[in-house]
Amino acid sequence: MNLVKPLEVFSSQLNTVQAPSRYLGGEYGAVIKIHEADKHYYNVGIAFPDLYEIGMSNLAVKIIYNALNAFDNIRCERVFSPDLDFEALLREKNVPLYTLETGMPLKELDFIGFSIGYELGITQVLAMLDLGGIPLLAKDRRPEDPIVIAGGCGVTNPAPFADFFDAVMIGEAEDALFDTINELALMKEKGESRECMLKHLSEKSFIWTKDKGKIAYRAVQGNFGLVPSKPSWYPLPSIKPVQDHGVVEIMRGCPNGCRFCHAGMYYRPTRVKNRKLIIDEIDHLVFDAGYREVSLNSLSSADFPDIEGLLDELNQRYKGYNVSFQLPSLKVNSLSLPILEKLSTVRKSGLTFAVETPEELWQLSLNKEVYAQHLESIILEAKARGWSSAKFYFMIGLPVGDYFGDANTSGKTEEEVIVDFLLDIQKRTRIQCNVNVGVFIPKPHTAYQWVRQLTPEAAQKKFDYLYQHLPRGKFKLGRHNLDTTVLEGLMSRGDSRVGKLILSAYNKGIRFDAWDEKLKDNKSKWQEVFSECGWNVHDYVYKDWSLDEELPWDGVSLGVSKQFYRREWERSLSAVLTPRCMSNCDHPCGICSEKKQVSVHKAEEIEAVTPDVENRIVPVVPERPESNIPILYRVIFSFKRCNGGEYMAYLSQVELFHKAIIRSGLPFVFTSGFNPLPRIEFASAMSLGISSLEEVARACLFAEISYEIVMQEMNRVLPPDFALTKVFVFPVTTLRKRESLSQGLWGGRYEYAVKEPSFETTFFDFARTFCAEKNISYTQEKGKWYFDFPSSDKVFRTELETRFENKWYQLLYVTKVQTLANPQVKGWTANDERLWRSDSSHFEKDTSLLSETDTDKPVSFFDLYKKIAQVNADLISARAAF
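This one's a predicted model, so the numbers in the text were calculated from it and none came from an experiment.

Which parts of the structure should I look at to understand the sheet that holds strand β2 (residues 74-80)?
In a beta sheet, neighbouring strands pair by backbone hydrogen bonds and run either parallel or antiparallel. Spatial ordering of the open sheet is given by β2-β1-β3-β4-β5-β6, a layout of six strands whose pairing is mixed. Of all the strands in the sheet, just β2 and β6 (207-208) have a single pairing partner and so form its edges. Across three bridges, the pairing between strand β4 (residues 147-151) and strand β5 (residues 167-169) is parallel. Its bridge partner being in β5, G151 is matched across the sheet by M169. Along the sheet, helix α3 (residues 59-69) makes contact with β1 (42-48), β2 and β3 (111-115), crossing β2 at roughly 155 degrees. Along the sheet face, helix α6 (residues 176-189) touches β1, β2, β3, β4 and β5 and points at about 145 degrees away from the line of β1.

Structure (structure tokens):
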């Protein structure tokens, strides 16, 4: 197999793309299974059709990745959609899209599984297949091509996407998918053909194919919450993902049964996770991954049994570790101020209310109650405790009120009811209201799968009314992009004809429809697609659906009967509530089955389980207010970043060190205040794309730790392209103010080498003139130049680019060799009054240590801090004697 090595293939051209570390791998916790001649794996790509920072926030990707890599005979690697600039670079270099771990071209994999959470990523699926060298249409694939499947919430109506996938998995991956892929791996070992493997795959009850001829039933993990979940904390992203927090799924499914909610049906039945298992996962997220924020995920987290007790236990367990918790999905009526206060023990969480519609009768139709009085009391109490704003979510186009040509009891439309509700709640609470209004997109496999979708024209009139009647200042209004609604409707309930539209759209260059800024460029191209297709797309999307017609997704069952959906639609029309999902319910939907061992977990069943995990003993961290501790221990360390680390953005690097500090378990000092962070400072911001052999940073410890232990433990928890190279630990006293590392920065020593020998003389003439004008010192050795630049080499590189009309990376190799300190920086001499605290006036000030230096030339930070360490040592001795 010809592996792609991006640092070698693209080299300095990585500087031409945005966020190049998306494409390099090398993350902490990544599983690397080396390619060896005598070891053969079944090679799987877990693919996500969006950018790296979106995909690395996806829990399913990490679960599947870690579960499959637990098999000795399976190698599972990740691949994400490239952005447009990197897509262009791949095509320019004729390099296939590859996996992140070892650079396997997609066309040489055995199996590719796309995780599709939303339908608008479909053109990125085609882009990834195309860039990977795989035929776009399943019918065109050859015996040597990988099997390509899809799964996730976004493909429960497979009809629009059927042309592109060999098969579609319906339901939960645990453990049905994992066992199936292992079976395919064993078939490969026996030399079975691709055709035989596809036949084996299609025989699975949870697999849908175009020509299967019978219904595919959703796979359900019946013992979810009763057995340990698959690991989901690694790998850690190399750039900040859209949701940068640890995630533990505390409950799967939702007990509430909102009639518009597709996810509520997809994840039935409600299964609560054993508390011991939850704590075990959080321990991994905090102590092994280094997360300070953990999301307790479910579709309705406040409905977790004794959620307040769980939060109390978590806050007590992780007290002193600066860990905060979030409940991302809260039903308004389940929310209480005590829950909010427990969530805000470390960091204050936001106030978010998914109201959908404020009219009480219409809420009954949705099977969702939101009590306005309860909402008001929560906001008033929260505001009294420091919350200043709240976020509200509404939907328009729901099958209530004026959808049927009727208004509410007071004769008002849904937009008028929303405005009245918001004006009233804001008047009563004086809270700043951030309002988001979406257009309801009817989804398959719900009670509202037959609902007519609201047209963009009708939606625009409703939005106009909201904008006109909600005063700015008190309200900040966000809304659904209307251009996406036709596409969402088409992909959600489209039939097999839609596949040709998707292919045409891809061939016209359409990408990233889920991104508003990119959809703006795609709009005219989609209009071309619709005008050329030979049937009226808009009429289809906005048509009236009959309860008796055959539906494009009838070949799929989520386990809930079609009769149940019909019954729920009728109850919606009558505004009648359906009771919660519970064990031994009197309104069975069809999902629970003794034969399949699928049911709502009973409380005694959850409590009785004794999972095969032992919760670790978490040391109690004493309260250590920094201001009350006379002696701390400063850590000055240098580190290198190369072999891909140089392409990590500065802020991502800061977060990388924050997490590594937590993983190290060393007693580092944190900041105080709203959002505690490790107290770490870097001497300089690093230039993207320039390798560095020595960057300098500092931190503080509460206790004395040897430099060997600090280096060993930090290097243990850093990714392979970062490593500490030198560490200096010394005590510091509160008797003198602490120096800012950046204040002591002089600049850096840089190594330059030309890429083309013909440029050598020209470059030397330019560099010599520049250095003479700027009084820069330099040396030359074996065809390389070494410059000592004050601050950084940015000015030099900028002038070089202007002079030669080329980017620096097209002409030169650049490496930062050393970070240099200023030996005479103002404010760092011992006789400077600003360094002395008022309570140290009784000590004799020794002014000799820092003011007497041998040279004005820049020095190593370590040489400088040895002098500062001596000052602190003398003060500590003097204080002890005093």
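Here the narrative resumes, following the displayed structure.
Got a minute to help me understand the pairing of strand β20 (residues 691-701) in this structure?
Working note: regular strand, side chains alternate between the two faces of the sheet. Within β20, ten of the eleven residues are buried, which leaves the element mostly enclosed by the surrounding structure. As paired elements, strand β18 (residues 631-641) and β20 share eight bridges and run antiparallel to each other. Within β20, the position partnered with Y633 by the bridge is L701. Here two bridges tie β20 to strand β25 (residues 812-821), and the two strands are oriented parallel to one another. Bridge pairing in β25 links S691 to T815.

What is the right way to read unusual backbone geometry from this model?
Glycine aside, residues mostly have negative phi, and peptide bonds are mostly found in the trans state. Cis geometry is adopted by the peptide bond preceding D175, which originates at E174 and carries an omega value of -15 degrees. Looking at where D175 falls in the secondary structure, it is placed in the loop between β5 and α6. In this structure, P269 follows R268 across a cis peptide bond, with omega equal to -5 degrees. Tracing the chain through its elements places P269 in the loop between α8 (262-266) and β10 (271-272). The backbone of S791 shows a phi angle near 70 degrees, a positive value even though the residue is not glycine.

Sorry if this is basic, but what is going on with the sheet that holds strand β16 (residues 475-479) here?
Read across the open sheet, the four strands follow the order β13-β14-β15-β16; overall the sheet is parallel. Both edges of this open sheet fall to β13 (352-356) and β16, since each of them pairs with a single strand only. Sheet twist, expressed as the mean angle between neighbouring strand axes with direction ignored, is 20 degrees. Relative to the sheet, helix α13 (residues 372-384) contacts β13 and β14 (389-396), its axis offset from that of β13 by approximately 160 degrees.

The rules behind the values
Residues numbered from 1 in each chain as written. Predicted model: local features only at pLDDT ≥ 70, side-chain atom pairs only at ≥ 80, totals over all residues. Heavy atoms only, no water. Pairing = 2+ DSSP bridges. Helix = DSSP H or I, 4+ residues; strand = E, 2+ residues; numbered from the N terminus. Contact = heavy atoms within 4.5 Å. Axes fitted to C-alpha atoms, helices over the stretch in contact; angles between N-to-C directions. Buried < 20%, exposed > 50% of the residue type's maximum accessible area, 1.4 Å probe, protein only.

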